[in-house]
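In case you want the letters, here they are:
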Amino acid sequence: MSGMATRLRLPIQVQDAILAGFVTLFQILGTERAALNQPAARPLDDPGALGHLLLAVAGLALAVRRRWPVPVFVTAAASSLVYYAAGYPDGPGTVGLFVAVYTVTAYGDGDRSLRIVAAGIAGLAVAWLVVADLPPFNAAGWVLFRIGTAVMAAALGESVRTRRLVAEALARAERAERTREEEARRRVDAERLRIAREVHDTVAHAIAVINVQAGVTAHVLDRRPEQARETLVTIEQTSARAL
């Protein structure tokens, strides 16, 4: 079952492309719906559909999120700042940003990635407070909600990264153990082969000596029995050593 699931799993590039398309549509369609309740907000198509473009950029950038996690995060953050600074309606336009935060911590290099995310979130918080066209109390709650969501995304990404590192360490340990076992078996097989060769050489030499002595015995048995007796003794001694 697991092998079939692995074969049916889409390539990573295709997975990220599908995610980017889904997030882009969700941000655009969700924001258009939310804009119906925000008549004072700037229309998304003013000027030249810039609002739609900013939402699309933040979503479509996720297609390369695992290859370039930090540039994707910077792109999503910059799009968010420009979007809210331009006074466009609030909505699910930060979903791509939260996915980018998760990606940086999940596929980054640990402490450096966390520092980048922390600095980015802090900068976004200040900028959001400045550009958000809301009463102070509402603006603070609005920003705190997004900060909390970004922190949760970063924590989830760090958890996934840690679990992946642990799994990779266990896999390396298992490979090392298999390598040691294979090396031990190889040495045992080599020793067995060495012993077999020594036994083969010893027995072959003994049989050759016995064969020569037996031929001599057959040749001199009638004419020189004393010599025949000596060769028989040699055959006996040689066969005893071989055994």
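This report concerns the structure included in the present document. (Residues numbered from 1 in each chain as written. Predicted model: local features only at pLDDT ≥ 70, side-chain atom pairs only at ≥ 80, totals over all residues. Heavy atoms only, no water.)

**Re helix α5 (residues 95-107)**
- Look at α5: 18 Å from first C-alpha to last across 13 residues, which is about the 18 Å you get at 1.5 Å a residue.
- Taking burial as the measure, the 13 residues of α5 include 11 buried ones, the bulk of the element.
- Residues of α5 that are buried include every one of Gly96, Leu97, Phe98, Val99, Ala100, Val101, Tyr102, Thr103, Val104, Thr105 and Ala106, and no others. (Helix = DSSP H or I, 4+ residues; strand = E, 2+ residues; numbered from the N terminus. Expected span 1.5 Å × (residues − 1). Buried < 20%, exposed > 50% of the residue type's maximum accessible area, 1.4 Å probe, protein only.)

**Focus: the pattern of salt bridges**
- Inspection of every chain in the model, using the stated rule, returns 8 salt bridges.
- When the shortest N-O distance is used, the salt bridge between Arg65 and Asp16 registers 3.1 Å. Remark: Asp16 occurs in helix α2 (residues 12-35) and Arg65 occurs in the loop between α3 (50-60) and α4 (69-85); sequence separation between them is 49 residues.
- Overall, Asp16 belongs to the buried group, its relative accessible area being 3%.
- The salt bridge partner of Arg186 is Glu183, with a shortest N-O separation of 2.6 Å. Here Glu183 and Arg186 lie together in helix α7 (residues 136-220), a separation of 3 residues that amounts to about one turn.
- Among the residues examined, Arg186 registers a relative accessible area of 48% and is labelled partly exposed.
- On the basis of relative accessible area, Glu183 is assigned to the partly exposed category, the value being 28%.
- Connected via shared salt-bridge partners are Asp16, Arg65 and Arg66. (Salt bridge = Lys/Arg side-chain N within 4 Å of Asp/Glu carboxyl O.)

**A closer look at the packing of aromatic side chains**
- Taken as a whole and judged by the stated rule, the model has 3 aromatic pairs.
- When the centroid spacing of 6.3 Å and the interplanar angle of 10 degrees are considered together, the rings of Phe22 and Phe26 count as stacked. Pair noted here: Phe22 and Phe26 are both in helix α2, with a separation of 4 residues, about one helical turn.
- For Phe26, a relative accessible area of 42% translates into the label partly exposed.
- Taken together, the ring pairs in this structure connect Tyr83, Tyr84 and Tyr88 into an aromatic cluster.
- We note Arg67 situated over the ring of Trp68; from NZ or CZ to the ring centre the distance is 5.4 Å. (Phe/Tyr/Trp six-rings, centres within 6.5 Å; stacked < 30°, edge-to-face > 60°. Lys NZ or Arg CZ within 6 Å of the ring centre and 35° of its normal.)

**Observations concerning the side chain of Arg161**
- With respect to the secondary-structure elements, Arg161 resides in helix α7.
- Sequence-distant contacts of Arg161, defined by excluding residues within four places in its chain, comprise Thr105, Ala106, Gly108, Asp109 and Gly110. (Contact = heavy atoms within 4.5 Å.)

**Quick word on the packing of α2 against α3**
- With their axes 8 Å apart at the nearest point, α2 and α3 run at an angle of 150 degrees to one another. On the basis of their axis angle, the class for α2 and α3 is roughly antiparallel. Seen along the crossing, α2 lies across α3 with a hand that is right-handed. Only His52, Leu55, Ala56, Ala58, Gly59 and Leu60 of α3 make contact with α2, whose side of the interface consists of Ala20, Val23, Thr24, Gln27, Ile28, Thr31 and Glu32.
- Residues belonging to the contact of α2 with α3 are distributed by class as follows: 7 nonpolar, 5 polar and 1 charged. (Axes fitted to C-alpha atoms, helices over the stretch in contact; angles between N-to-C directions. Parallel < 35°, antiparallel > 145°, perpendicular 65-115°, else oblique. Left-handed = near helix turned anticlockwise from the far one by under 90°. Nonpolar A, V, L, I, M, F, W, Y, C, P; charged D, E, K, R; others polar.)

**Some words on the environment of Arg65**
- Overall, Arg65 belongs to the buried group, its relative accessible area being 6%.
- The residues touching Arg65, leaving out its near neighbours within four places in the chain, are Asp16, Leu19, Val72, Val99, Tyr102, Thr103 and Tyr107.
- Side-chain polar atoms of Arg65 contact the side chain of Thr103, separated by 2.8 Å. (Polar contact = N/O pair within 3.5 Å; in protein donor to acceptor, adjacent residues only side chain to side chain.)

**Here we look at a nonpolar patch on the surface**
- Taken together, the side chains of Ile195, Val199, Val203 and Ile207 make up a nonpolar region of the molecular surface, amounting to roughly 320 Å² of accessible area.
- If you trace the backbone, Ile195 turns up in helix α7. (Patch = residues over 30% accessible without salt bridge, like charges linked within 9 Å, V, L, I, M, F, W, Y side chains within 5 Å. Areas by Shrake-Rupley, 256 points an atom, 1.4 Å probe, with all protein chains shown as cover.)

**Regarding the nonpolar core**
- Grouped together as the largest cluster of nonpolar side chains are 34 residues, with contacts concentrated most on Leu62, Tyr83, Leu97 and Trp128.
- Contributing elements (two or more residues each) for this core: α2, α3, α4, α5, α6 (111-131) and α7.
- No other element matches the 8 residues that α5 contributes to this core.
- Leave out the neighbours within four places in its chain, and Leu97 touches Phe73, Ala76, Ala77, Leu124 and Trp128. (Core = buried A, V, L, I, M, F, W, Y, C linked by side-chain atoms within 4.5 Å.)

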